[in-house]
Amino acid sequence: MSDFSRRSLLGLAGAGILAPSLAFSEGPRLKKRAKNIIFCVSDGMSSGVPALLQQYREVRGLSASPWHRLAARDDVTNGWHDTRTLGTYVPDSAAAATAWGSGVHVLNGSINMLADGTKLTTLVQLLKGAGMGTGLVTTASATHATPAGFAVAVMARRDERLVAEAYLAEEVDVIMGGVRHFFTPRTAGAARDLVPDFRAKGYQFFDRQDGLAGIKRGDKVLGIFADGQVPYDIDRLNNPALAHVPSLKTMTETAIRALDGARDGFFLMVEGARVDHAGHANDFAGIIHDQEAFEDAVQAAIEFADKDGETLVIITSDHGCGGPGMQNGSMARGNSGVGLVTQAKMSAEETLPKLQNISASDAIDLIRTNFGITLTSEEAAALISPESGPALRLRSVYGYPFSILGLMLGKRYGVGWQGGAHTSEYTYLTA
């Protein structure tokens, strides 16, 4: 296995992945080293989110969520993850992923790069050098900060085209996510189309979930399933136009199938990225559905690991975002508010453009149809005129125009928000 023994190699991997973590319970000692690693990240998952998902499932009469069940097993270690980065307690995803991907704290905004321009060696580079398969799966752009943090080094996270080119150079075996133009530019001649170059290196390219079922051991996969970020799961489930988009669980199962059987094992990162985006948007329906989709993907990883017997699965988050939690003293009492989310059919991302240039009565109808909630005339006026009146007052508190919708819906759900930005809270870790 190159110049590394498996023991020293996984020691290095563990240093990068687990060093910032504070364990509080430990499962039984493993009798052998893990051959494979599946690292699952619910990006921007505040500590209240798993509880809200569990409560949402309870009012629907469903069993405990996969993460909730997993945490109670006697072969599991649970802990808290301290997400601080260089110079701040509040990380962005680039610096947080770098701490995992190279074991080094860097400034926010940088990916595996020190301020003086020094490039750090990444986990994917180490593992590929040792003959292991590698995969990155996300519901953000495939070149977003979290997946990139495990594989490449760039000074600024916004340079996602450079990340795409680095993926090609590093030959990450499985890459799946969104934002097509970083691989296939929208404007002819704007940049080189990378898809033919990936194909020349043996990759199969997919922009729809059709054909993923045919992926087999050893296949190299590039899957880019959206012009922008992969749609929120609530939109994917309710909008027939998005039927071609695979779930995070489907992407995870496909990646595992492609990587399984690699002679020296594999490393796979799975990111539920839009939990973070929903936190920024104070979108309770969005965050609940995407956390549930993330945990469905975790369940796929656990089922593989239980069957395989040589796979380490780690589940955590890179930071909190938005800080949602159930509150009393609101219009919704007890469990009834969270249950209202079952009536939601659309994310805030899809809703807000539809509130442009319509009347207050049309806004009331739109929210009633897609959320099962009836706004007051004053609330509707605030939504369609966010720069004046009560909406301006709300915006001065939160700083995000979309938080106005989140506050209005949240009052009915009985869910409040800390804000619309990243937080310094410790995050859960289960292994």
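The following paragraphs examine the structure supplied in this document.

Analysis parameters
- Residue positions are counted from 1 within each chain, in the order its sequence is given.
- Residue-level local features of this predicted model are given only where pLDDT is at least 70; pairs of side-chain atoms are given and counted only at 80 or more, and the full residue set underlies all totals for whole chains, interfaces and linings.
- The side-chain numbers reported here are obtained from all heavy atoms of the structure, hydrogens and water having been left aside.
- Comment: elements are numbered from the N terminus, with helices defined as DSSP H or I runs of at least four residues and strands as E runs of at least two.
- The rule is simple: take the accessible area with a 1.4 Å probe, protein chains only, and divide by the maximum for that residue type; under 20% is buried, over 50% is exposed, in between is partly exposed.
- Residue contacts are defined here by distance: any two heavy atoms, one from each residue, within 4.5 Å place the two residues in contact.
- For every accessible area listed, the method is Shrake-Rupley and the probe measures 1.4 Å; residues are considered covered only by the protein chains on display.
- Salt bridge criterion: a side-chain nitrogen from Lys or Arg within 4 Å of a carboxyl oxygen from Asp or Glu.
- Only strands joined by at least two bridges in the DSSP assignment are considered to pair.
- For this analysis, a ring pair means two rings from Phe, Tyr or Trp (six-membered ring only for Trp) whose centres lie within 6.5 Å, classed as stacked if their planes differ by under 30 degrees, edge-to-face if by over 60, and tilted for the remaining angles.
- Any Lys NZ or Arg CZ that is within 6 Å of a ring centre and within 35 degrees of that ring's normal is treated as a charge sitting over the ring.
- Here the axes come from fitting lines to C-alpha atoms, over the contacting stretch only for helices, and the angles between their N-to-C directions go from 0 to 180 degrees.
- Here the angle decides the label: under 35 degrees means roughly parallel, over 145 means roughly antiparallel, 65 to 115 means roughly perpendicular, and every other value means oblique.
- Buried Ala, Val, Leu, Ile, Met, Phe, Trp, Tyr and Cys residues form a nonpolar core when they are joined through side-chain atoms within 4.5 Å.
- Note on convention: near helix rotated counterclockwise from far helix by under a right angle means a left-handed crossing. Clockwise means right-handed.
- Only Asp, Glu, Lys and Arg are considered charged, only Ala, Val, Leu, Ile, Met, Phe, Trp, Tyr, Cys and Pro nonpolar, and every remaining residue, Gly among them, polar.

**A short note on the overall build of the protein**
- Secondary structure summary: the protein contains 18 helices and 14 strands in total.
- Per-residue burial for the protein yields a buried fraction of 55% across its 431 residues.
- Expressed as a percentage of contacts within the protein between residues at least 6 apart in sequence, the contacts between residues at least 24 apart total 75%.
- For the protein, the exposed surface amounts to about 17400 Å²; the carbon and sulfur share of it is 51%.

**Some details on the pattern of salt bridges**
- Under the counting rule described, the total for this entry stands at 21 salt bridges.
- Note that Arg57 and Glu292 form a salt bridge whose closest N and O atoms lie 2.8 Å from each other. Taken together, the residues Arg57 in helix H2 (residues 48-59) and Glu292 in helix H12 (residues 284-308) connect sequence positions 235 residues apart. The residues Arg57 and Glu292 share a single accessibility class, namely buried.

**Some remarks on the pairing of strand E7 (residues 220-224)**
- The element E7 is largely enclosed, with a buried count of five among its five residues.
- Where strand E5 (residues 174-178) lies against E7, four bridges are found, and the strand directions are parallel. Looking at the pairing, Val174 lines up with Val221 of E7.
- Strand direction decides the pairing type here: strand E6 (residues 203-206) and E7, joined by four bridges, are parallel. Within E7, the residue paired with Phe205 across the bridge is Leu222.

**Remarks on the packing of aromatic side chains**
- For the structure shown, the criterion picks out eleven aromatic pairs.
- Ring plane angle 85° and centroid distance 5.0 Å describe the contact between Phe198 and Tyr203, whose orientation is recorded as edge-to-face. For the residue pair Phe198 and Tyr203, the accessibility class agrees, reading buried in each case.
- Ring pairs connect the aromatic residues Phe39, Trp100, Phe150 and Phe267, which therefore count as one cluster.
- When the ring centre of Tyr232 is taken as origin, the NZ or CZ atom of Arg274, which lies over that ring, is 3.9 Å away.

**Regarding the packing of helix H16 (residues 377-384) against helix H18 (residues 403-413)**
- The geometry of H16 relative to H18 is characterised by a closest axis approach of 9 Å and an angle of 155° between their N-to-C directions. Overall, the two elements H16 and H18 adopt an arrangement that is roughly antiparallel. Contacts between H16 and H18 pair Glu379, Ala382 and Leu383 from the former with Ile404, Leu405, Met408 and Arg412 from the latter.

**What about the nonpolar core?**
- Ile38, Cys40, Leu268, Phe284 and Tyr413 are the most contacted members of the largest nonpolar core, which totals 66 residues.
- Broken down by element, the residue count for this core peaks at eleven residues, all from H12.
- Setting aside residues up to four positions removed in sequence, Cys40 forms contacts with Val270, Phe294, Val298, Ala301, Val313, Ile314, Ile315 and Thr316.
- Membership of the second largest hydrophobic core comes to 38 residues, among which are Ala151, Tyr167, Phe198 and Leu429.

**Focus: the pairing of E5**
- In terms of burial, E5 is a largely internal element, five of the five residues being buried.
- Side-chain alternation along E5 places Val174, Met176 and Gly178 on one buried face and Ile175 and Gly177 on a second face that is also buried.
- As paired elements, strand E4 (residues 133-141) and E5 share four bridges and run parallel to each other. Pairing of Leu136 across the sheet is with Ile175, part of E5.

**Some points on the packing of helix H10 (residues 248-259) against H12**
- Put simply, H10 and H12 touch, their axes get as near as 8 Å, and they point 25° apart. Overall, the two elements H10 and H12 adopt an arrangement that is roughly parallel. Here the hand of the crossing between H10 and H12 comes out right-handed. Along the contact surface, H10 presents Leu248, Lys249, Thr252, Glu253 and Ile256, while H12 presents Ala293, Phe294, Asp296, Ala297, Ala300, Ala301 and Phe304.
- Of the residues that constitute the contact of H10 with H12, the class distribution is eight nonpolar, one polar and three charged.

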